[in-house]
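The chain contents come next:
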Amino acid sequence: MFARRGRPANIPKSGSSHRGSSYKSMIHPEGDKIPGWKTCLAPSLLVATVTFLCFLPSLGNGFVYYDDYGCLLDNSLVLDPSWQSLVRIFTEFYISNYQPIVLVAFRFFYAIFGLDAFIFHVLPLLLHTANACLLFYILIRMGIKPWTALISGLVFSIHPLRVEGISWVYAGFNYTICSFFFLAAVLAYLIDLKEGMVGFRRGWTISVLYCLAVLSKPAAIVLPFALLMLDFLLKRPPSSMLLKEKIPLFILATIFLWIGIMAQQSGGATAVGGEFLMWERPVVALKALAYYIVKTVWPVELSVLVPYPTRQELLLIMSYGDVLLLLTICVSCVLTVGRTRLPLFVMGWYIICIFPALRLVPLGHSLVGDRYTYLPAIGLSIGIGLMLDAFKNLKQRRIWFVVLAATLIWFGRLSWKQSKVWRNDLSLWQHTASVVPDSVLAHTHLGSAYAMAGRLEEAKAEFQIVRKLGPDLHYADFGFGKVCGQAGDFQKAVEHFEHVVRLDPTHKEAYIWLGIAYCGLEDWGNANRVFQKAIRLGGDVPEQFLQEVLCHVKANLCPSGNESHNTGHWRQFPIQK
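Just so it is clear, the structure is predicted and the values come from calculations on it, not from any experiment.

Colleague: What is the right way to look at the side chain of Asp425 in this model?
Modeller: If you trace the backbone, Asp425 turns up in helix H20 (residues 425-435). Look at Asp425: it is buried, it has no salt bridge, and the nearest opposite charge is Lys482 at 11 Å. A distance of 3.0 Å separates a polar atom in the side chain of Asp425 from the backbone nitrogen of Tyr65.

This is the structure:
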């Protein structure tokens, strides 16, 4: 990519008698001419309009506690206007991630508009619309006709799997910003190839766009490998030149990979990986990949939470049906290479881009996430466009256009409906609990949402379900404790939180809530004791409760006003914020 400016030997000059005179002619031998902007204007505007309208309900959504609060509303790096916090964004990891571009975007919009949910939903939707247009022009650069590019572009942009990456503020900023730079880098690469040169200036352009993409979301680290798949599709002859072009990208990828691993380890995000044996992890990853493929074809009953399979489920013979399905698809793609490279390109691009999300090292509590399909779906859209253009029979092409048009109407309806799921915490977790009724976490979140809404009886009913589903887990008691405290029954709240810390002595949030419950009982000694435990575990005790406890403890330890007599006792309660 930083090679001497000029036309590489493996791309013949335009006008040569060689069949592959340019990258486009490797796909469409009939010519190199790319449609002008006037020809592309109407279909590109239609792509933007349809995309925007399909996700319009998301503009009425609010924030959800599922990461929006931790990453935005309660994030001091965003809310603090000082230069020191801005420096920390670029020098520190936050919640097991390193995404400074997203945090800077959060900070910028907060400084101008405050915490207005409407504004924070507008930007992801506008960026997704821009991404749809970028993909449209990528398809045009691939030699696909404008109205065919319209259809295949919409398959990407209005698919229901895009909803999570748009209607959820945190994921929306992550994936739309990251994908904007990712798609811009792909477009720059195709323009470079069309000009028949891989020069120094263009190399810097792609490298800068790559850095911005990865600093927005580490998932973009796969760009160099995705470009190699494009080379394969465009029939660029295998040579050392293909790798030399991308050496700067591979160097950057190595650096970003190291940073990503450090970020995950800093927050303990990889600790859950110990739950699976080494031989089980590939099976878990393959089950995740099979889920993505099935939902791409049949995107119904989508959920923000899909539990990991249990070890017993992995041992069942039927669980290996996913493996058989994937092997069949892969073998079919390989066997078609002699006739067309398209199926292998689509499968290769998809696996490369989804690979970081396949849970070979299990992270979090969900096996999959709809948002992870954002970048992989780009290759599928390219494949559909090239397939439609390859049909010479007009009748056959019209049949496919009708089928895809009907599919797009269905996708648009599903996306419109799914966007409303993210309206608030109640709607999100009511939907999730209906899709995965056996999920402890889904019912736990739903119970908490009911409690926040003041619907305490419904919250208790959900936590009863949690207790039945996970009798040996702490989730039910933690939820019951918060509900009892909210109802003013602090003694019951103490009993539930004490049970939680017996089950999990490292649960710092339980210690904080237990201390608050003791404050409700005016038991200042025990409140101080559990607050100290929470602080030692790294918990952030609310200042208002901490100061009240300190005042009462100090008064009780110094009844005569002679503080020097009780200095030793006071030092037993060091407060380190």
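Colleague: Help me understand a nonpolar patch on the surface in this model?
Modeller: The grouping of Trp37, Leu41 and Leu45 at the surface amounts to a nonpolar patch, some 350 Å² of accessible area in total. Summarising the element assignment, Leu41 is placed in helix H1 (residues 37-54). Leu41 gets classed as partly exposed once you look at its relative accessible area, which sits at 38%.

Colleague: Sorry, what's going on with the environment of Tyr518 here?
Modeller: Mapped onto the elements of the fold, Tyr518 is located in helix H25 (residues 508-520). In the structure, Tyr518 is positioned 31 residues away from Val549 in sequence and 9.8 Å away in space, judged by C-alpha atoms. The contact partners of Tyr518, leaving out residues within four places of it in the chain, are Val494, Glu498, Asp523, Asn526, Ala527, Arg529 and Val530.

Colleague: Looking at this model, I keep getting lost on the nonpolar core. Mind explaining?
Modeller: The nonpolar side chains of soluble globular proteins are, as a tendency, buried together. In terms of nonpolar packing, the biggest core is built from 148 residues, with Phe106, Met142, Phe173, Phe182, Tyr292 and Trp349 touching the most fellow members. The dominant element in this core, judged by the number of residues it contributes, is helix H9 (residues 169-194), at 18 residues. Residues Phe497, Leu514, Ile535 and Val553 belong to the second largest nonpolar core, which totals 27 residues.

Colleague: Where do I start with the side chain of His159 in this structure?
Modeller: Of note, His159 is situated in the loop between helix H7 (146-157) and helix H8 (164-167). Classification of His159 by relative accessible area gives buried; the value is 3%. A polar contact is formed between the side chain of His159 and the backbone oxygen of Thr296, at a distance of 2.8 Å. Excluding residues that lie within four positions of it along the chain, His159 makes contacts with Phe55, Leu154, Lys295, Thr296, Pro299, Phe411 and Ser415.

Colleague: Which parts of the structure should I look at to understand the packing of aromatic side chains?
Modeller: Inspection of the entire model under this criterion finds 28 aromatic pairs. With a centroid separation of 5.3 Å and 85 degrees between ring planes, the pair formed by Phe156 and Tyr374 is classed as edge-to-face. Remark: Tyr374 occurs in the loop between helix H17 (342-354) and helix H18 (376-390) and Phe156 occurs in helix H7; sequence separation between them is 218 residues. Judged by relative accessible area, Phe156 falls into the buried class, the value being 1%. A network of ring pairs unites the aromatic residues Phe63, Phe106, Phe108, Phe109, Phe113, Phe120 and Phe173 as a single cluster. Residue placement shows Arg341 over the ring face of Phe232; its charged tip is 4.8 Å from the ring centre.

Calculation criteria
Residues numbered from 1 in each chain as written. Predicted model: local features only at pLDDT ≥ 70, side-chain atom pairs only at ≥ 80, totals over all residues. Heavy atoms only, no water. Helix = DSSP H or I, 4+ residues; strand = E, 2+ residues; numbered from the N terminus. Buried < 20%, exposed > 50% of the residue type's maximum accessible area, 1.4 Å probe, protein only. Lys, Arg positive; Asp, Glu negative; His and termini not counted. Salt bridge = Lys/Arg side-chain N within 4 Å of Asp/Glu carboxyl O. Polar contact = N/O pair within 3.5 Å; in protein donor to acceptor, adjacent residues only side chain to side chain. Patch = residues over 30% accessible without salt bridge, like charges linked within 9 Å, V, L, I, M, F, W, Y side chains within 5 Å. Areas by Shrake-Rupley, 256 points an atom, 1.4 Å probe, with all protein chains shown as cover. Contact = heavy atoms within 4.5 Å. Core = buried A, V, L, I, M, F, W, Y, C linked by side-chain atoms within 4.5 Å. Phe/Tyr/Trp six-rings, centres within 6.5 Å; stacked < 30°, edge-to-face > 60°. Lys NZ or Arg CZ within 6 Å of the ring centre and 35° of its normal.

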